[in-house]
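Report on the structure
Now for the letters of each chain:
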Amino acid sequence: MTERDAEDSSSVMLRPDPRHRMPGRGAWLHPTPECFELAVRRKAFGRALRLQAAVDVSAVARHLGTHHP
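Residues numbered from 1 in each chain as written. Predicted model: local features only at pLDDT ≥ 70, side-chain atom pairs only at ≥ 80, totals over all residues. Heavy atoms only, no water.

1. Things to note about the overall build of the protein
Each helix and strand in the protein was counted, giving 3 helices and 4 strands. Taking all 69 residues of the protein together, the buried fraction comes to 32%. In the protein, 54% of the contacts between residues at least 6 apart in sequence involve partners at least 24 apart. As displayed, the protein offers around 4800 Å² of accessible surface, 52% of which is attributable to carbon and sulfur atoms. (Helix = DSSP H or I, 4+ residues; strand = E, 2+ residues; numbered from the N terminus. Buried < 20%, exposed > 50% of the residue type's maximum accessible area, 1.4 Å probe, protein only. Contact = heavy atoms within 4.5 Å. Areas by Shrake-Rupley, 256 points an atom, 1.4 Å probe, with all protein chains shown as cover.)

As structure tokens, this is what we get:
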């Protein structure tokens, strides 16, 4: 469901890709707020995407209609 977009070497912004058209490595996510919150708590995005950088999940939260600080 998400696709990563590197803003710089220290931060990565996740972007929703509901049409599955964006290039690059992606991570699947059930489109529910509960699954999203669990993935954030477990830092699953970083592991799934093999990232060492901080992950910004705000765009995915907006896409799901979930509030995330």
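Don't stop here, the text continues.
2. Description of unusual backbone geometry
We note that H20 has phi near 60°; this positive angle belongs to a residue other than glycine. With respect to the element layout, H20 can be found in the loop between β2 (11–16) and β3 (26–27). The exposure class of H20 is partly exposed, given its relative accessible area of 47%. The phi dihedral of K43 is positive, around 55°, even though this residue is not glycine. As for its placement among the helices and strands, K43 is situated in the loop between α1 (33–41) and α2 (44–48). Since its relative accessible area comes to 63%, K43 is described here as exposed.

3. Describing the packing of aromatic side chains
The final tally for this structure, using the stated rule, is 1 aromatic pair. Measuring from ring centre to ring centre gives 6.3 Å for F36 and F45, while their planes differ by 45°; the resulting arrangement is tilted. A residue is classified by how much of its surface remains accessible, and F45, at 5% relative accessible area, is buried. (Phe/Tyr/Trp six-rings, centres within 6.5 Å; stacked < 30°, edge-to-face > 60°.)

4. Brief notes about the confidence of the model for the protein
Mean pLDDT over the protein works out to 84, with 86% of the residues at or above the 70 mark. Here strand β1 (residues 2–8) stands out as the least confident element of the protein, with mean pLDDT 46; α1 is the most confident, with 94. For residues 1–8, every residue scores under 50 in pLDDT, and the model assigns this stretch 37 contacts once sequence neighbours within four places are set aside. (pLDDT = per-residue confidence, 0-100.)

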